[in-house]
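Residue-level listing of the chains:
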Amino acid sequence: MAARRGPARGPTGARFERRRRAAAAMAEEPPEDGAARTLPSLRQLSRGLFNLIPSVLFPPQENLDAQKTAFVLRKAWTLYSVTPLYGFRRGCLRDYARLLSAFIAAEKQKGLAVEVGVELDIKVALSSLADLRGSELDQAGLLVQLSSRSRASSRNSEDKLLWSGWFCSMFGDDLSENVPENFTCLPLFLTHGAESYTALVGSWFQKTFDCCFRRLAISPLNLSWMVAMWAGYKLERAASAVELVFSMPRLSHPLDISYAIHPEDAKALWDTVQKTPGEITQGEVAIFMDCLYAHFHRHFKIHLSAAKLVKVSTGIASAHCDGIVKILHSQYLPGVLMLLTELAISQIQ
Amino acid sequence: MDETVAEYIRRTVLKMPRDEIKMMLQKWGFLSEAQLQTLNFHQQKDNISQEVVQLCEVNPLNSYFFLDNHIYQNKRMWSVYQMKKSGEEEEYFDIADFKKKFKGRIRSALKNVTITFKEYEDNAIWIRVAWGTPHKKPNQYKPSYVVYHSQTPYVFISASVLKSNLPLLCQALIVASNYRDIREMELRSHSLNSLKDIVFKRYSQNFQTYSPKPVQGWNVEAENADRRIVHENRSVKERIHRLNQESFGCGPQPKLEFAQYRLDTMFKSDPKMDVLDKKEPFRCLVKFSSPHLLESLKSLAPLGMADAPLSPLLTCITHKARNYFKIREKKESFVSP
């Protein structure tokens, strides 16, 4: 499988070189202060990467306020794709919060209570996440938080965060380019908290902005992209293993196989497979996976390629085929979000 | 009756599923049939447990501590230990002596322990130990269980969370049974019976047999195969079936839930691929898990998901009596130390 020189195709088949280069560029450069960073070469820029120039001069990692994005890390987020929102006004966040709060209260009255037992007042907060975007062409992220204050306790008690969800677009220009005025593109939606709250918030957004939510499943092919890319990233401290979990569910006795590789060895393998700097091809990912399959087969005589890859996990992030991710490192947050945005967009289109 | 014991019995009965309480109390064997008859199982669980406590107080025996044994039967993780004898003499096993020495050794190190014994028909001695500290009473909710078949050098231990007491437990066992040494085997499972099957070699072993023709009426079709396909690759299927039989044997496999392999072997690839060629090992940790691991592995080759014969790393599990392995490279084949 020769590495291709032409435009690389990402896991979704779409022309993908910009994002792959941005991801690879981010991987090569350690997070030092801005002055010491080197810019990607002109060769990379010349292939129509004008959209990336602002982010190159203001590298995403520096823009990301670690405190503001800390809420993202180390939580399991359930993924959805969202079609563009019609008539969304960034200045009306307070009004939206009020309306959503009223909607939730009304649904509870109808008997679609989310919590049995203690009476809860649900407080809604909407805020913009200015840092969570790839380029100036992306919309800023939008965070929705549901907190509760138990009626039983006094005003002094702390609000308890019940549920959070956030909309985001990281280099999602493929979508926003082609969309008429009055539409806001935030194709990726991530939630953490009870399913019932997700349903409530989702149905309000659907009614108000005429958009559509769909669970974002991650195919084994996309998972293999993720594990190959993430295995190649440099991490300063001792990282956790690069783990691939396979499942053979349809046997009479289902079998699960966890295949965990020492992160240094996995990175060493990927470094010899990935030949073109700043570019990752489908061929390279396939070779990487074939190497892992071959090593496994040599020992156990089992064809791992016949099993279903259901989960991948590295020191950077982990992802499950049901569309659940956990991001562990703020340094690589933009890269991970970019990949997920790409998947969300391909599900919409 | 001690306050904590009464509480323990009450809480344990409450944990039982309602429709299984009667059966578990019967299995427990502590209350007589007549006593069980007096219990009303149709009332609130709270009341049932109170009545059980009251009945227990009447009994003179103290093996009530085995009540929790049946609840957690399949949730407990069992490890296998092998003891080594000092000499060749076959000593007569005296159970009373064993109990006395065991209790003595443990009590000499820890005052706050509850030790109870129970003997079963298959020559198994069950020992239940609830551990305390110099300042705290024994914790009845996290006991260690030991199963010892006195005619064998094997001991099965479910240590519970308090692993720091393991060395003392092991010491007490060798002292009580007149052995010299004890070591942990690399064999663990939730199913105690399967561990016994493996270690006592009670499964059907794989013998090399020569059969020139397939046995009559032998169904070579894999379970999930399409029933419309009858003659496809018949000889290949028969060959796979035969090789599988040789590796795994004909009878049912002991029930294990997982196997773990720590691989410290070299990464070898086709030179044409021009990939990793390091002189150091490619370090991996592989874990297989399944409700019935060995049957699952046995089904892989007939379904085309594995080659036949399956790797000896997997087929050796039963006769090597281990499911934890460390594999190093040695010339052309693998060794496990």
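Predicted, not measured: the structure shown is a model, and the values here were computed from it.

1. Quick look at the overall build of chain A
Of the regular secondary structure elements, chain A holds 12 helices and 13 strands. Taken across its 349 residues, chain A has 53% of its residues classed as buried. Here the contacts in chain A between residues at least 6 apart in sequence split such that 71% fall between residues at least 24 apart.

2. A closer look at the overall build of chain B
When helices and strands are counted, chain B shows 11 helices and 10 strands. Burial analysis of chain B (337 residues in total) assigns 46% to the buried set. A sequence separation of at least 24 residues applies to 66% of the contacts in chain B between residues at least 6 apart. Of the accessible surface of chain B, which amounts to about 18400 Å², a share of 51% is contributed by carbon and sulfur atoms.

3. Section: helix α12 (residues 333-348) of chain A
Counted at 1.5 Å a residue, the expected span for α12(A) with its 16 residues is 22 Å, and the 22 Å between its end C-alpha atoms agrees. Within α12(A), 14 of the 16 residues are buried, which leaves it mostly tucked inside the rest of the structure.

4. Focus on the environment of A:K311
By secondary structure assignment, the location of A:K311 is in strand β11 (residues 308-313). Taking the C-alpha atoms as reference points, A:K311 and A:G323, 12 residues apart in sequence, are found 9.8 Å from one another.

5. Notes on the packing of aromatic side chains
This structure, assessed with the given rule, holds 39 aromatic pairs over all chains. Between the aromatic rings of A:F296 and B:F288, the centroid separation amounts to 6.0 Å while the plane-to-plane angle is 50°, which identifies the pairing as tilted. Within this pair, whereas A:F296 is found in helix α11 (residues 282-300), its partner B:F288 is found in strand β8 (residues 282-289), the two belonging to separate chains. Take A:F296 and B:F288: they sit in the same class, and that class is buried. Pairwise contacts between aromatic rings join A:Y80, A:F88, A:Y96, A:W163, A:F167, A:F189, A:W204, A:F205, A:F209 and A:F213 into one cluster.

6. Concerning the interface of chain B and chain A
The interface of chain B with chain A comprises 43 residues on the first partner and 35 residues on the second. With both sides pooled, the region where chain B packs onto chain A buries about 3300 Å², and carbon together with sulfur makes up 61% of that total. When residues of chain B are sorted by the area they lose upon contact with chain A, B:F282, B:R283 and B:M305 head the list and together hold 20% of the total. Linking chain B with chain A are three salt bridges, by the criterion used here. We note a salt bridge from B:R283 to A:D265, for which the minimum N-O separation is 2.9 Å. Among the elements of the structure, β7 (258-265), β8, α9 (293-298) and α10 (312-315) of chain B are those that each provide at least two residues to the side of chain B that touches chain A. Looking at the side of chain B that touches chain A residue by residue, the classes come out as 25 nonpolar, nine polar and nine charged. Two elements, strand β10 (residues 255-261) of chain A and β8(B), share six bridges in a ladder whose sense is antiparallel. Within β8(B), the position partnered with A:I257 by the bridge is B:F288.

7. Some details on the pairing of strand β2 (residues 113-119) of chain B
Residues and elements named next belong to chain B. With respect to burial, β2 is a largely interior element, six of its seven residues being buried. Here β2 runs beside strand β3 (residues 124-131); their pairing, made up of seven bridges, is antiparallel. Note on β3: the bridge partner recorded for I115 is V129. What sits between the antiparallel neighbours β2 and β3 is a turn of four residues, in which N123 has the positive phi angle 65°.

8. What to know about the environment of A:H297
With respect to the helices and strands, the residue A:H297 is situated in helix α11. For the pair formed by A:H297 and A:D173, sequence separation is 124 residues and the distance between their alpha carbons is 42 Å. Excluding its chain neighbours within four sequence positions, the residues that come into contact with A:H297 are A:I302, A:H303 and B:D307.

9. Quick word on the packing of helix α1 (residues 3-15) of chain B against helix α4 (residues 45-58) of chain B
Residues and elements named next belong to chain B. Their axes nearest at 9 Å, the elements α1 and α4 cross at an angle of 140°. As judged from the angle between their axes, α1 and α4 are oblique. Between α1 and α4 lies a crossing of right-handed hand. Along the contact surface, α1 presents A6, I9, R10, V13, L14 and K15, while α4 presents K45, D46, S49, Q50, V52, V53 and C56. Classifying every residue of the contact of α1 with α4 gives seven nonpolar, two polar and four charged.

10. Here we look at the nonpolar core
In terms of nonpolar packing, the biggest core is built from 129 residues, with A:W166, A:W230, A:I302, B:Y261 and B:F288 touching the most fellow members. When residues of this core are assigned to their parent elements, the largest contribution, nine residues, is made by α11(A). The contact partners of B:Y261, leaving out residues within four places of it in the chain, are A:F300, B:C284, B:L285, B:V286, B:F288, B:L313, B:L314, B:I317, B:F325 and B:I327. Judged by nonpolar contacts, the second largest core, of 29 residues, contains A:L93, A:Y96, A:V144 and A:C211.

11. Focus: the confidence of the model for chain A
Residue and element names in this part refer to chain A. When pLDDT is averaged across chain A, the result is 79; 77% of the residues are at 70 or more. The model gives residues 13-18 a pLDDT under 50, and that stretch makes 22 contacts with residues more than four places away or in other chains. Taken as a whole, residues 25-60 scores under 50 in pLDDT and shows 48 contacts with residues more than four places along the chain or in a different chain.

12. A look at the sheet that holds β3(B)
Residues and elements named next belong to chain B. Strand order in the open sheet made by the six strands is β2-β3-β4-β5-β1-β6, with antiparallel pairing throughout. Bordering the open sheet on either side are β2 and β6 (181-189), each of which pairs with just one other strand. On average, adjacent strands in this sheet sit at an angle of 20° to one another, irrespective of strand direction. Pairing of β3 with strand β4 (residues 144-149), which is carried by six bridges, proceeds in the antiparallel orientation. Bridge pairing links A124 to H149 in β4. Against the sheet, helix α6 (residues 166-177) engages β1 (78-84), β3, β4, β5 (154-158) and β6, with an angle of about 40° to β1.

13. A short note on the packing of helix α9 (residues 220-232) of chain A against helix α10 (residues 263-273) of chain A
A pair of packed helices can be characterised by two numbers: the angle between their axes and the separation between those axes. Residues and elements named next belong to chain A. Between α9 and α10, whose axes approach to 8 Å, the crossing angle comes to 105°. Between α9 and α10, the angle is such that the two are roughly perpendicular. Along the contact surface, α9 presents A228, A231 and G232, while α10 presents A266, K267 and W270. Taken together, the residues that form the contact of α9 with α10 break down as four nonpolar, one polar and one charged.

14. So, unusual backbone geometry
Between B:A308 and the following residue, B:P309, the backbone shows a cis peptide bond with an omega angle of 0°. Inspection of the secondary structure assignment puts B:P309 in the loop between α9 and α10. Unusually for a residue other than glycine, A:R74 sits at a positive phi of about 60°. We classify A:R74 as exposed; its relative accessible area is 56%. A positive phi angle, close to 55°, is found at A:D210, a residue other than glycine. When you line up the elements, A:D210 lands in the loop between α8 (195-209) and β8 (213-215).

Thresholds applied
- Residues numbered from 1 in each chain as written.
- Chains lettered and ligands numbered in written order.
- Predicted model: local features only at pLDDT ≥ 70, side-chain atom pairs only at ≥ 80, totals over all residues.
- Heavy atoms only, no water.
- Helix = DSSP H or I, 4+ residues; strand = E, 2+ residues; numbered from the N terminus.
- Buried < 20%, exposed > 50% of the residue type's maximum accessible area, 1.4 Å probe, protein only.
- Contact = heavy atoms within 4.5 Å.
- Areas by Shrake-Rupley, 256 points an atom, 1.4 Å probe, with all protein chains shown as cover.
- Expected span 1.5 Å × (residues − 1).
- Phe/Tyr/Trp six-rings, centres within 6.5 Å; stacked < 30°, edge-to-face > 60°.
- Buried area = accessible area lost by both parts, 1.4 Å probe.
- Salt bridge = Lys/Arg side-chain N within 4 Å of Asp/Glu carboxyl O.
- Nonpolar A, V, L, I, M, F, W, Y, C, P; charged D, E, K, R; others polar.
- Pairing = 2+ DSSP bridges.
- Axes fitted to C-alpha atoms, helices over the stretch in contact; angles between N-to-C directions.
- Parallel < 35°, antiparallel > 145°, perpendicular 65-115°, else oblique.
- Left-handed = near helix turned anticlockwise from the far one by under 90°.
- Core = buried A, V, L, I, M, F, W, Y, C linked by side-chain atoms within 4.5 Å.
- pLDDT = per-residue confidence, 0-100.

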